Amino acid sequence: MGKLRLRKQTMWSDLPEYLMERILECLPVDCFFRFRAVCNTWNTLFSSQHFNSIARNSQPFLILCPSSTQMPSLLYSFFTHTWRTISLSFIPHECQCPINFRGSASGLLLADINANFCFGYSSPTLCVCNPLSQMYSLLPEMGSVSRIMAKAILPVGDKTNEYTVMVVGMSSTDRVLLEAYNSTTKAWKVAGTIPDVHIRNENMFFCKGSLFCVTASGGIMAYNVEQGITTIVSMPTVDAHNLWARLVCCKIGLVVVGAIEENHSLKGLIMWELVFHEMVKDYKWVEIGKMPNSVCEEFRRSSNSNWFDCVGVGDKICFRANESMLILVYDVSRASWNWLAKFCEDLRFVSMGWLPLQPMSNLKFC
Amino acid sequence: MAEDPTAAMAKECKVRLKISDDTIFEVEYAVAMQSQMLKNALSDTGTDGTVPLHNISSEIMAKVVEYCAYHVNAANTISEKDVKIWDQEFLKDLDQATLFNLIMATQYMVIHNLQDLICQTVADRIKDKSAEEVREIFNIQNDLTPEEEEEIRHENQWAFEEEGWPEIQEEVRLEG
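Rules and cut-offs
Residues numbered from 1 in each chain as written. Chains lettered and ligands numbered in written order. Predicted model: local features only at pLDDT ≥ 70, side-chain atom pairs only at ≥ 80, totals over all residues. Heavy atoms only, no water. Contact = heavy atoms within 4.5 Å. Buried area = accessible area lost by both parts, 1.4 Å probe. Salt bridge = Lys/Arg side-chain N within 4 Å of Asp/Glu carboxyl O. Polar contact = N/O pair within 3.5 Å; in protein donor to acceptor, adjacent residues only side chain to side chain. Helix = DSSP H or I, 4+ residues; strand = E, 2+ residues; numbered from the N terminus. Nonpolar A, V, L, I, M, F, W, Y, C, P; charged D, E, K, R; others polar. Buried < 20%, exposed > 50% of the residue type's maximum accessible area, 1.4 Å probe, protein only. Pairing = 2+ DSSP bridges. Axes fitted to C-alpha atoms, helices over the stretch in contact; angles between N-to-C directions.

(A) Examining the interface of chain B and chain A more closely. Contacts between the two partners involve 56 residues from chain B, matched on the other side by 61 residues from chain A. Together, the buried faces of chain B and chain A total about 5500 Å²; carbon and sulfur atoms form 63% of this surface. Counting the contacts that link chain B with chain A gives one salt bridge. Here B:Asp116 makes a salt bridge to A:Arg22, at a shortest N to O gap of 2.8 Å. At the boundary of chain B with chain A, the tally comes to eight residue pairs in polar contact (both at pLDDT 80 or more). Counting residues per element, the ones that place at least two in the side of chain B that touches chain A are helix H6 (96-109), helix H7 (112-126), helix H8 (131-138), helix H9 (146-155), helix H10 (157-160) and strand S4 (172-174) of chain B. Per element, the largest residue contribution to the side of chain B that touches chain A is eight residues, and it comes from H6(B). Classifying every residue of the side of chain B that touches chain A gives 23 nonpolar, 16 polar and 17 charged.

This is the structure in structure tokens:
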């Protein structure tokens, strides 16, 4: 075997394919998209099942969507710690009607266009879109549900490009139904009935086989889709304080964010994971984190508004006070708090929905 | 079954490695064992002879030995955080040619942890580069037609655009 010479120009092309792949696997997911333009081999590689699987299991982006698609959406990458803009103007909707983004799974966002409070429309039109591939699909009207109470989009299967959208709502006969849309059959089908439950808002999450939402009485409704079983779980109690609960779905599972308020001001925050115990066939609360007082004080100072919103993005939970552009992030796996780099000053008062966005490198469908 | 030679040999035995320009590197047995290839070679032949490693230069061998020597002790005595800091320093100022030769050496000598470290380092060096810059670094021919390249850029527009806003504020780590 000859000596290995230090050749300056052509050496990296001598790197065995296996090693080149190993290097590329270490790249942040953002690069999986940009480096497709390098050459044919890399284009094929980054579109392959293997790299898509890496992308699928990596930390999702955070996307902030204004209620008008005339304004660009903001995309944050936790790998590169930077913001990008992305246009969602490819989604058709009436200019006067706000578009509400309600769910996210496998790189797809679920939105309702022609939202309820836009006069003249009796039921919203649901739309599923893929911001990264700039594709969308308008869903047909539901068969049985006439008034939507909550909706969610379920993750795409490992082998298929099929997605499911689930809607909980009232039928014309005043029954609370679960109706499901399948992207392959392109049809709605009643998937179950839910006992009369008043859902507090439209946020519904699909996690580990069940749908979760907050009820009007402040509890959590868990609906096991396969078994058709509904469970109502009461909120955890913290001494005698009032706890305002928000649900977030993150990598570990369903988390309840409990804000402790005093005089309409945030005094503290505790997060619990809702864990299902097979043995007792019941849910239990497991505390996963608390906001330290110093962080709480900084968060209060970030805005004049007392209202805040939170969202689960991978293994992080993001918090943003109303009328603020500062985002606080809790890293669940490291139990640490960080402020994100600021984004545009001008968007402070724009109404925005925010969601996790999983970059999927080969899912161009919608 | 023969007695495990590792315990007896660990501190005392030296392994002789003969490299490309015929110089001999003497390394401790435990250090040499970081290489799966040497481990296999020595378990067959014992440590009496000299193991030939013709395709490795003395500059590269020195780096490999430096890494392996540090990591023999690191496992038990040094904190994970400090090991990470050392690893970063170890590769920090190495040029592309050295990195390339090092990674090939880890492939030949089968040293997994060093190979992983180099792969991550190379990835970190290219992650902020454009497609053109990456082609230059790896000396890759652009075999995409202008239409194909345009299609890729158009389909993945968001990934190619310049950052919308510069970072105004550094990410601040809070006590928590």
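(B) Highlighting the side chain of A:Thr215. Within the fold, A:Thr215 resides in the loop between strand S13 (210-214) and strand S14 (220-224). Apart from residues lying up to four places away in sequence, A:Thr215 is in contact with A:Val197, A:His198, A:Ile199, A:Arg200, A:Ile220, A:Met221 and A:Ile232.

(C) Quick look at unusual backbone geometry. Residue and element names in this part refer to chain A. Even without being a glycine, aspartate 174 presents a positive backbone phi close to 65°. Tracing the backbone through its elements, the reader meets aspartate 174 in the loop between strand S9 (164-171) and strand S10 (176-182). The phi angle at lysine 281 is positive, at roughly 50°, despite the residue not being glycine. Take lysine 281: its relative accessible area is 55%, and that puts it in the exposed class.

(D) Up close: the sheet that holds strand S15 (residues 229-233) of chain A. All names here are of chain A. Reading across from one edge, S12-S13-S14-S15 is the order of the four strands in this open sheet, with antiparallel pairing throughout. Each edge of the open sheet is held by one strand with a lone partner, namely strand S12 (205-207) and S15. Direction aside, neighbouring strands of the sheet carry axes that sit 25° apart on average. In this structure, S12 lies alongside S13, joined through three bridges in antiparallel fashion. Looking across to S13, one finds that cysteine 207 is bridged to serine 210.

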